Amino acid sequence: MGPTRAQFVRYAPAALAVVPLVAGPWSALAAAAAGAGAWAIGASAPVLRSLIACGGTATGCGIAAGEVLASGMNPLIALGLAVPAGAAALAHHRNIAGHLPAPALAPATTGAGSAAGQTSQAQLITAWWKEFISGPTQTEGRTLIQAGANLEHLALDVGDDHVAFTGIITLPQGQQVRVKAADIASVYQIPVSQIELGDPKHYAPNALPVTVQLKVPAVTPQIAAGAPTTPQELWAAYVGVPEGAMPGTSLTVTRYDGPLDWEGIATRDRRAIGTVNLQDLAGNLDLETIQIALAPGDKPSQMGIRVMREHALMHGTMLSSVLDELSMDSRGYVRAGTYVDGRAALLPLAQPGSGARHLYLVGGSRSGKSGLLEQILLSAHRSHIAVILASPQAGTIAGASLAAYLGDGLDEAMGALRLAYALMLDREARYRSPAFPFTDPLVLVVIDEAHMLLSASSPYHLEAKAIVEQLTRRSLKRGIGVVLATQTPLAEDLGNSTVIRSQLLIGGGAVFLRCARGQGSLVGANAVEGAEGLDLSMIPSQWPGQYAKVSDRDMSGLATEVAAAPEDGTFGLGYLLTPGSQAVQFRSLHLDVPPVSLAGGERPVGIENCDAWRERDTIAQTPMVDKRGKNLIGSLADLLAAAEGAPSTQEAPHHTPGGPHAPTTPTGPTGPGPGGAAGSSDGQELIKPRILELLQEQSIPMTAETIARKLETPAKRIKPRLSELKKQNKITNENGLWRAA
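Calculation rules
- Residues numbered from 1 in each chain as written.
- Predicted model: local features only at pLDDT ≥ 70, side-chain atom pairs only at ≥ 80, totals over all residues.
- Heavy atoms only, no water.
- Helix = DSSP H or I, 4+ residues; strand = E, 2+ residues; numbered from the N terminus.
- Buried < 20%, exposed > 50% of the residue type's maximum accessible area, 1.4 Å probe, protein only.
- Arc of directions from axis to C-beta.
- Contact = heavy atoms within 4.5 Å.
- pLDDT = per-residue confidence, 0-100.
- Phe/Tyr/Trp six-rings, centres within 6.5 Å; stacked < 30°, edge-to-face > 60°.
- Lys NZ or Arg CZ within 6 Å of the ring centre and 35° of its normal.
- Pairing = 2+ DSSP bridges.
- Axes fitted to C-alpha atoms, helices over the stretch in contact; angles between N-to-C directions.
- Core = buried A, V, L, I, M, F, W, Y, C linked by side-chain atoms within 4.5 Å.

Undergrad: So what about unusual backbone geometry? Which residues, and what values?
TA: Unusually for a residue other than glycine, Q189 sits at a positive phi of about 55 degrees. Along the chain, Q189 turns up in the loop between α8 (181-188) and β3 (195-197). Accessibility expressed as a relative area gives 48% for Q189, which makes it partly exposed.

Structure (structure tokens):
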């Protein structure tokens with residue numbers, strides 16, 4: 001059984017390659033026979049042109065055959081003109097097998113033959129050019145790149161490891177060459193970088209030189225004699241020099257697993273290293289910023305350096321795997337994440353024997369700030385710490401149900417701040433000793449998106465600024481800590497208050513996550529001691545190589561059950577600054593499960609049953625500054641008196657009352673006493689007997705604010721009367737505490 005029509009059409013051109021060079025005139029017969037067979041079975045014009053191109057030799061018969069076929073005559077006549085086909089095909093096969101790159105091994109050649117004197121390689125190059133770029137004929141289903149743009153003065157450069165050709169793209173006078181490097185690269189299936197076109201400004205519009213590297217030698221990196229190669233040599237050559245990132249330092253390598261995976265210690269002889277610009281250091285070492293981590297040591301003259309091929313924190317630490325570390329330890333610390341060296345990253349929520357701690361949290365959109373806040377809420381819940389949450393941007397904190405009081409929305413968040421301030425005043429009135437006895441629960445006042453309340457554009461700017469300044473200054477000894485989160489470290493996000501930021505940093509730690517470009521610099525006016533020189537906008541949003549991963553598209557539909565993996569972004573990557581240390585790179589825990597689901601369904605930790613808590617809804621609606629935004633109310637009695645005129649509302653559903661952890665603090669009788677409530681409007685002489693009677697009945701020392709609250713009289717009316725009674729030797733005062741004589 002003979003070959004099928006499809007097989008004949010496919011293998012007829014290749015059959016010509018076996019005809020030996022000495023075949024002489026018999027090659028014409030072979031070409032004629034193959035061509036006749038192909039024509040007889042109805043082969044397409046491209047196949048016939050391929051056969052003719054294989055017979056093109058120096059005799060010029062191939063050119064004549066091309067013209068015959070282009071004129072529309074019988075293809076058999078054109079095939080008869082392709083005389084020594086076997087010799088040309090044999091040479092063609094030998095050359096392309098040994099020199100041309102893989103894409104050029106089986107070209108679809110044109111029907112035009114080659115000029116006199118061309119080698120088979122040159123014929124092949126010319127055939128490709130005419131088939132796809134210049135013509136004169138146009139293959140079925142293809143559009144020429146620029147008809148008539150011929151390749152003239154072709155010259156080859158063939159070596160053992162390279163193949164290149166040069167020529168001039170020529171057009172008739174008055175036309176302009178429009179062939180681009182990308183066009184030539186697509187024809188010969190090589191990178192655009194291997195095409196070099198002349199500058200049209202220096203040549204005639206219709207003649208442009210071209211150089212094409214069909215095969216280039218493999219690039220072998222050459223290291224010049226004496227060039228630095230080891231980390232120590234690179235450090236001495238680029239980093240420790242006067243213009244380097246760490247001038248005057250030397251490097252001691254402590255671990256070396258390759259040029260992109262090593263650790264060391266930089267030392268400066270008896271001088272502090274000072275601030276290090278991480279971007280300059282990455283440039284000196286020819287690395288990406290994300291591949292370098294700095295670890296300041298105990299000595300100011302030393303700095304730990306780590307270079308990573310793959311970032312150590314890329315795979316993250318799962319929240320569910322460290323559940324037992326989320327509760328506060330005996331020192332007041334909770335697990336916040338993992339340092340770059342693999343150690344647990346801890347941040348303080350309390351200081352035993354002293355009070356609570358503050359936390360300053362900075363992070364822009366998609367930086368992991370909200371996830372860290374949810375983690376802190378869970379740690380507070382598991383540590384029996386009550387939370388007052390102020391969230392001006394409603395609905396952004398998934399763990400808000402763990403708060404004892406939630407101010408969700410701008411107005412409600414301002415109410416939460418007022419309640420926190422009233423609670424501080426209440427505790428100040430009940431606990432005058434600096435040593436807080438901790439009979440009441442610790443409280444965290446969490447302020448998310450604090451710039452919405454504190455910035456000059458906020459309608460509550462002056463009041464919020466005054467309250468937060470007082471909270472950060474006075475609340476720690478009363479067991480109330482402030483967790484303040486903003487999107488940038490800029491001063492305007494804190495209402496241009498240097499007091500707030502300095503008190504936050506003095507009273508606790510700080511977390512710095514990625515910020516928007518141009519808004520994350522911690523230098524100049526935004527410098528933070530221990531974090532000098534950091535630029536938070538330089539923390540990348542993706543790990544190296546993730547863009548290529550994203551380009552692999554999955555069109556199977558939206559996977560609604562898929563959860564984000566730590567490798568999908570740098571969420572939570574930043575710097576942790578704890579008291580008395582330098583900022584160290586860390587990453588917060590990856591929320592593989594919702595933090596609120598780990599609370600066990602327990603009620604939120606409640607706030608003690610005190611006057612401020614009982615009147616929380618009225619207090620939340622009572623402005624604490626005058627119309628000019630000045631003169632913040634300074635005592636609980638004055639605040640309660642001001643709240644009497646405020647509209648009373650029922651408890652909102654989202655204001656969770658104190659849970660089983662909330663103790664009750666005895667405050668003694670709060671009735672109006674002799675004379676009733678109406679006595680508060682009597683003359684000055686009627687107040688003094690009430691004061692004296694109260695102190696005699698209670699037999700415990702009281703502050704002026706406590707006396708005013710119990711008598712339901714403003715403190716400014718009580719204090720002068722106390723001085724008068726003291727002059728009469730009826731009462732005594734010791735360290736601000738009044739008692740009957």
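Next comes the rest of the account.
Undergrad: Can you explain helix α10 (residues 278-285)? Please cite residues and give values.
TA: Residues of α10 that are buried include every one of L278, L281, A282 and L285, and no others. The arc enclosing the buried residues of α10, seen along the axis, measures out at 100 degrees, which places them on a common side. Buried residues in α10 make contact with α9 (231-239), β7 (292-296), β8 (302-307) and β19 (573-577). Note on α10: the residue one or two positions beyond its end, D286, has a positive phi of about 60 degrees.

Undergrad: Run through the confidence of the model for the protein, naming residues and quoting values.
TA: Considering every residue of the protein, the mean pLDDT works out to 78; 74% of them sit at 70 or more. With pLDDT under 50 throughout, residues 1-30 is counted as low confidence; its partners more than four residues away or in other chains account for 35 contacts. This model gives residues 81-115 a pLDDT under 50, and the stretch forms 86 contacts once residues within four places in sequence are excluded.

Undergrad: Describe the packing of aromatic side chains, with residues and values.
TA: Applying the stated criterion across every chain yields a total of four aromatic pairs. Through a chain of ring-to-ring contacts, the aromatic side chains of W128, F132, F165 and Y188 assemble into a single cluster. Across the ring face of W613, the terminal group of R616 is positioned such that the distance to the ring centre comes to 4.1 Å.

Undergrad: Break down the pairing of strand β17 (residues 480-486) for me, citing the residues and quoting the values.
TA: The side chains of a regular strand alternate, first on one face of the sheet and then on the other. The element β17 is extensively covered by neighbouring structure, given that seven of its seven residues are classed as buried. The pairing of strand β13 (residues 358-362) with β17 spans four bridges and is classified as parallel. Within the sheet, the bridge partner assigned to Y360 lies in β17 and is L484.

Undergrad: Before we move on, can you summarise the sheet that holds strand β1 (residues 150-158) with the specific residues and values?
TA: Spatially, the four strands line up as an open sheet ordered β1-β2-β4-β3, and their pairing is antiparallel. On the outer flanks of this sheet lie β1 and β3, each paired with one strand and no other. Averaged over all pairs of adjacent strands, the angle between strand axes in this sheet comes to 15 degrees, irrespective of strand direction. Bridging between β1 and strand β2 (residues 163-170) involves seven bridges; their strand directions are antiparallel. Each residue of the ladder has a partner; that of L156, found in β2, is F165. Each of β1, β2 and β4 (207-215) is contacted by helix α7 (residues 120-134), which is oriented at about 140 degrees to β1, the strand it contacts most. Its contacts with the sheet place α8 against β2, β3 and β4, and it is angled at close to 145 degrees to β3.

Undergrad: Tell me what's going on with the nonpolar core, and back it up with residues and numbers.
TA: Generally speaking, soluble globular proteins have nonpolar side chains that are buried together. Core analysis: the largest hydrophobic core is formed by 86 residues, its most contacted members being M246, I447, L484 and F512. Tallying contributions element by element places helix α12 (residues 410-430) first for this core, with eleven residues. In contact with L484, not counting residues within four places along its chain, are L359, Y360, L361, I447, A450, L454, V468, L494, I500 and L504.

Undergrad: Outline the pairing of β8, supporting the account with residue identities and numerical values.
TA: With five of six residues buried, β8 lies mostly within the body of the structure. As paired elements, strand β6 (residues 262-268) and β8 share six bridges and run antiparallel to each other. The partner of W262 across the bridge, within β8, is V307. Taken together, the five bridges between β7 and β8 define a ladder with antiparallel strand orientation.

Undergrad: Quick rundown of the sheet that holds strand β14 (residues 386-391)? Include the residues and the values.
TA: Read across the sheet, ten strands follow the order β10-β9-β20-β19-β18-β13-β17-β16-β14-β15 without closing on themselves; strand pairing throughout is mixed. Every interior strand has two partners, whereas the edge strands, β10 (344-348) and β15 (405-408), have only one. Across this sheet, the average inter-strand angle for adjacent strands is 25 degrees, counted without regard to direction. Pairing of strand β9 (residues 333-339) with β10 involves five bridges; the strand directions are antiparallel. Across the sheet, residue G337 finds its bridge partner in β10, namely A345. The strands touched by helix α14 (residues 461-474) are β13, β16 (443-447) and β17; relative to β17, the strand with the most contacts, the crossing angle is about 130 degrees.

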